[in-house]
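# Descriptive structure summary
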Amino acid sequence: MRRIRANAIAILTVAWILGTLYYLWQDNKPHASPSSVSQTRTAAGKSHGPRAAAGRVEIHRDDRTIPLIVTRPPRAEHGGVQMGRFDEKAYLSGKQLKAGDDPYREHAFNLQESDRLGSERAIRDTRHYRCASVTFGPDLPPTSVIITFHNEARSTLLRTIKSVLLRSPPSLIQEIILVDDFSTDPEDCQLLTQIPKVLCLRNERREGLIRSRVRGAGVASASILTFLDSHCEVNTDWLQPMLQRVKEDHTRVVSPIIDVISLDNFAYLAASADLRGWEQIPIEQKMARTDPTQPIRTPVIAGGIFVMDKSWFNHLGQYDTHMDIWGGENFELSFRVWMCGGSLEILPCSRVGHVFRKRHPYDFPEGNALTYIKNTRRAAEVWMDDYKQYYYLARPSAQGKSFGSISDRLALRRKLNCNSFRWYLENVYPELKIPQQEPVSSMLKQGGLCLESHGTESLGLGECKGSGALWPQSQKWTLAEPLIRQQDLCLAIAAFSSGSKVRMEPCNPKDGKQKWRPKGPALQHAVSGLCLDSQPPTGPPVIAQCRPQLASQSWEPQLLT
Ligand code: UD2
Ligand code: MN
C-alpha cells in the first residue's frame, strides 16, 4: 500500500537478481545408463594420498598491503586430479562453436572464451589475507556435491567439476552428483562419469532445478550436501570453512562469497566482502566486525551455492517440489530455514566464482513470467503471512495467477512449528525498514471503476476520471495506515457489524471505526475484521465477511505521482 514498503519487499522477493553484483580419486568402473546412477562410490573419509592443495605463489606488490595470491593448479604428478578413463579432449571437441556462430547465443555467455580457457586455470585467491591462516579440525565430514544443469556448455561444466576436484581435499569429496535436467545431448553428462567420483542422473523430462536438486540430494551418500551451479569455479580452501560451520551446528546453512566470472572474457573477479547477496552489510554489523574471517549472518541466500546437512535438509522439507524450472526457491528455503529453527551464513573465507548472466539461455515451458510468479507466489503464500500483501503490491500482475495447491507446504509449516514472518522480520531482518506511516496517494480501482466519495454519506464506484496528477479529489485517496483519507475526512464504518455502510467522517486516528489495513488485495477494517465490499451492481459499499478472492473486495491501489 505504500511505495516504500513495496520497494522493501521487492528487495526481498525480486530485486536481488537485478541488484546482485553478485558471487570438489582413484580407479573406478564407470557404467552409464540414462535415468540411472552411473559411477562408483568410495568410502567416505578414505585417504587419497597427499592433499591436492593448490600450490601458491605469493606476489607481494609494493603498492598493496594485501599480498596477491595466485592459486596454481597442482600438477598431476604431485597428486593432482585423477581423471580415470575420461578423455577430456574428445569430450570438449565433441561440441564446439562453429565458425561464424554467435558465441553468446546458446549459453548467454561467451562460449568461445570459455572453450579457449581450458579446464584448469589459475585464479586469484580472492579471500582476505587473514583467511589463509585459519585452521580447521582434522576430521571434517565429507560431502556430496550436487550440480544440476540443463544444456550447460561442456567447457564450463567440466571446469566446475575439475575446480572442485583440484581445490578440495580429496577425502572431503564423497562424490559429485550431476543431475542432467533433460539436456538435449545425454552424453554431456554420461561421458563425465568416467571421471572418478562423478555420478550422473538424467531426468526423463524437464523438471527444473528445484526437483532436480531434490533428486540429486536423494541419492547423496554423504551426510552433508553441497549445491553448485553448473558454471562455477571454486577457489582455494573453499570447502573447509563451510563443512566446519555445518559440522559444529547442523542447523546452519552456509554459503560462500560468490565471486564474479565475467560472461564476456571469463576473468575471475573478486566480489566485495561487504556484500551479503544483494545488499551492503548493515553498518552496525559492519562496525561490530573486528575479524574479517568471521561468518556473516544473512536473511536470504543467493540460492545456487550452499552447504547444508542432509538430515536437516530432509527434516525441513527439502524444497517445494511444486516449483518449476527456476526462481523463488532461494526465498522459500531462506524463510523456511530461519523461521523453522536454523540459520543462514555467508562465510567470507570461502569463495566460489560464478558466471552471472543477463538472460536465461533456456526455455521455460510455461513461460518465464508465469513460472516465476507461480514459484514466488507459493513462497509468499506459505511463508509471508499478512506481509504477502507487500509482495502483491510489488507485483500486482501476480494476483489471480495460478500457483497450485500449497496445503502440503502449510502442513509442513505447522508440523515444524515454525515462527511467524513477523518474527523473521523482527529477529533476522530488523534493518528492513517497513515504514508504518508513509502516506501514499492512490486511487482505489476495482475492475475499470474507482472508489469515489460525494459528501460524507455517499460513497460508490464511478468511472475512473483522471490521469497523472490531474485526479479528481473525489477519487483520490491517501493511504496512511490505519487511515484512508480524503483531505480531513476519513473512510469509516457506520457500525461494527457485517453489512454496515461505510461513510466519510472527520479523521481521528484513535477512532476504531476508521482503522483499516490491507489484507491481500482487500481492505480490512482492523477492529471488526470485516472487509470493504462494493456490493455490485448497486452498492453502496459496505463491510462484509472477508473473501479477498471476490472481485467486489479486491481494491487495486494505483499510485498517483
Ligand atoms: C540464481 C542461483 C540459482 C538459483 C536461481 C533461482 C546462484 C549463483 N545462482 O540464478 O542457483 O537459485 O537463482 O532459482 O546463486 N537449471 C536446471 N534446470 C532448469 C533450469 C536451470 O537444472 O530447468 C540449472 C542451470 O543449468 C544452473 C542452475 O540450475 O546450473 C541455476 O540456473 P541459472 O544458472 O540459470 O540461475 P542463476 O545463476 O541465474
Ligand atoms: Mn547460475
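What counts, and at which threshold
Residues numbered from 1 in each chain as written. Chains lettered and ligands numbered in written order. Predicted model: local features only at pLDDT ≥ 70, side-chain atom pairs only at ≥ 80, totals over all residues. Heavy atoms only, no water. Axes fitted to C-alpha atoms, helices over the stretch in contact; angles between N-to-C directions. Helix = DSSP H or I, 4+ residues; strand = E, 2+ residues; numbered from the N terminus. Parallel < 35°, antiparallel > 145°, perpendicular 65-115°, else oblique. Left-handed = near helix turned anticlockwise from the far one by under 90°. Contact = heavy atoms within 4.5 Å. Nonpolar A, V, L, I, M, F, W, Y, C, P; charged D, E, K, R; others polar. Core = buried A, V, L, I, M, F, W, Y, C linked by side-chain atoms within 4.5 Å. Buried < 20%, exposed > 50% of the residue type's maximum accessible area, 1.4 Å probe, protein only. Near = heavy atom within 4 Å. Polar contact = N/O pair within 3.5 Å; in protein donor to acceptor, adjacent residues only side chain to side chain. Areas by Shrake-Rupley, 256 points an atom, 1.4 Å probe, with all protein chains shown as cover.

### Considerations on the packing of helix α11 (residues 368-383) against helix α13 (residues 407-415)
Here α11 crosses α13 at 40°, and the two axes come no closer than 10 Å. The angle between the axes of α11 and α13 places the two elements in the oblique class. Here α11 and α13 pass one another in a crossing that is right-handed. Packed against α11, whose contacting residues are Arg 378, Glu 381, Val 382 and Trp 383, the element α13 presents Asp 408, Arg 409, Leu 410 and Arg 413 at the interface. Its residues assigned to classes, the contact of α11 with α13 shows three nonpolar, no polar and five charged.

### Some remarks on the nonpolar core
Residues Val 253, Phe 306, Met 308, Phe 335, Met 339, Phe 421 and Tyr 424 are the most contacted members of the largest nonpolar core, which totals 57 residues. Setting aside chain neighbours within four positions, we find Met 308 in contact with Ile 224, Leu 225, Val 246, Val 253, Phe 313, Leu 316, Leu 333 and Val 337. Residues Cys 189, Leu 192, Cys 232 and Ala 302 belong to the second largest nonpolar core, which totals 42 residues.

### Here's the deal with the site of ligand 1
Taken together, 22 residues form the shell around ligand 1, and within it Asp 181, Ser 230, Gly 327, Glu 329 and Tyr 362 come nearest. At a separation of 2.9 Å, an oxygen atom of ligand 1 approaches a polar backbone atom of Gly 304. Separating an oxygen atom of ligand 1 from a side-chain N or O atom of Tyr 362 is a distance of 2.5 Å. Calculation on ligand 1 without its partners gives an accessible area of 740 Å², and the protein chains cover 97% of this total. Broken down by secondary-structure element, the contributors of at least two residues to the shell around ligand 1 are β4 (143-149) and α6 (209-219).

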